[in-house]
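# Structural features, examined
Next come the chains, spelled out residue by residue.
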Amino acid sequence: MPYSNYECLIVERHGPVGWLINNRPQQLNAMNALMRDEFATAWTELNDDPDVRVIVHTGEGRAFQTGVDVSEIASDGVGMQRYREGLEDLDLHFTAWQQKVWKPVITAVNGICAGGGFHWVTDADIVIAASDATFFDPHVSIGQVVAIEAIGLIRKMPAEAVMRMALVGRYERIDAQRARELGMISQIVDPPDGLRDAAQELAEKIAKNSPAAMAATKRALWGALELGLTDACKAGAKELVSMWGHPDQEEGPLAFAEKRDPRWAEPARDAG
């Protein structure tokens, strides 16, 4: 399917893999107001494309993403006020989680990931990084509060590591090796210029699986983060049972027995 024209993003598909690429390399992919609006559309288009089974998110140039465009905030007369209503109501639309994307999402961090860039680390299903990637959060160094991104990171990382990064600000960076040790990422790609190939390869592995089963799995696991153990298991059981009678449940064992690749049912447009 054709995608919209974007100024701040590149949206494309390679086989079963949709790509969302931050495309403001001269600004280290910082998010201006237009980019924020384009994210909402891009996630929805990729999620609605029946040919996309997995989505990879990465950046052009030497940075993955460096948060909100501070230059725009400082010079346009609106500043942080444009974000007030969305934040007060937590009505945000620039990550896959915020847009209720139930297809698997891989964030592939190239180079610098700073500040608001952690939104997409936090809200991805899988995060990989180039060996030269660096991570830091400069919010407190420019008089801003660390909140939404770091709250999400505490799900993945030790709380003290998140707190240290939040309070040290711009004066300390985490390298890819340390990020993996802390559980922020699951794979380091070396050399760095192999990142996109590695992301495509991983995405193609994931794309071999049942789209319906993966969507239900993702809803169950993300839903568990919102609930206590018993309620999470009850909700997960409903997702499990929802696949009973689905053609993929018969096709999977049959394909295994016949030693062939499975032919999965096409996912419904409104799944999830």
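Further up the page is the structure itself.
These lines cover the structure that appears in this document, whether it is placed above or below. Fair warning: this is a prediction, and the values are worked out from it, not measured in the lab.

Moving on to the pattern of salt bridges. Per the stated rule, a full pass over the model turns up eight salt bridges. Across the salt bridge formed by Glu 60 and Arg 196, the nearest N and O atoms sit 2.6 Å from each other. Of the two residues, Glu 60 is situated in the loop between β3 (54-59) and β4 (63-65) and Arg 196 in helix α8 (residues 195-207); the sequence distance between them amounts to 136 residues. Given the relative accessible area of 25%, Glu 60 is considered partly exposed. Here Glu 172 ties to Arg 164 by a salt bridge, and the two come within 2.7 Å at their closest N and O atoms.

This brings us to the sheet that holds strand β10 (residues 187-189). The strand order across the open sheet formed by six strands is β1-β2-β3-β5-β7-β10, and the pairing between neighbours is mixed. A single partner strand is all that each edge strand has here, and the edge strands are β1 (9-14) and β10. Geometrically, the sheet is characterised by an average inter-axis angle of 20° between neighbouring strands, direction not taken into account. Bridge count between strand β2 (residues 17-22) and β3: six bridges; the pairing is parallel. Within β3, the residue paired with Asn 22 across the bridge is Gly 59.

A complete count under the given rule lists four aromatic pairs for this structure. Centre to centre, the rings of Trp 97 and Trp 222 are 6.4 Å apart; their planes meet at 25°, and the pair counts as stacked. Of this pair, Trp 97 sits in the loop between α3 (81-88) and β5 (105-109) while Trp 222 sits in helix α9 (residues 211-224), placing them 125 residues apart in sequence. The class for Trp 97 is partly exposed, based on a relative accessible area of 36%. For Trp 222, a relative accessible area of 13% puts it in the buried group. In this structure an aromatic cluster arises from ring pairing among Phe 39, Phe 94 and Trp 120.

The terminal C-alpha atoms of α9 lie 20 Å apart, and with 14 residues this matches the ideal 20 Å at 1.5 Å per residue to within 8%. Listed in full, the buried residues belonging to α9 are Pro 211, Ala 212, Met 214, Ala 215, Ala 216, Lys 218, Ala 220 and Trp 222.

Before going further, it helps to examine the pairing of β5. Where burial is concerned, most of β5 is hidden: five out of the five residues are buried. Where burial is concerned, the two faces of β5 agree: the one with Val 105, Thr 107 and Val 109 and the one with Ile 106 and Ala 108 are both buried. In the sheet, β3 pairs with β5 via three bridges, with the strands oriented parallel. Residue pairing for β5: Val 56 is matched across the bridge by Ile 106.

What counts and how
Residues numbered from 1 in each chain as written. Predicted model: local features only at pLDDT ≥ 70, side-chain atom pairs only at ≥ 80, totals over all residues. Heavy atoms only, no water. Salt bridge = Lys/Arg side-chain N within 4 Å of Asp/Glu carboxyl O. Helix = DSSP H or I, 4+ residues; strand = E, 2+ residues; numbered from the N terminus. Buried < 20%, exposed > 50% of the residue type's maximum accessible area, 1.4 Å probe, protein only. Pairing = 2+ DSSP bridges. Axes fitted to C-alpha atoms, helices over the stretch in contact; angles between N-to-C directions. Phe/Tyr/Trp six-rings, centres within 6.5 Å; stacked < 30°, edge-to-face > 60°. Expected span 1.5 Å × (residues − 1).

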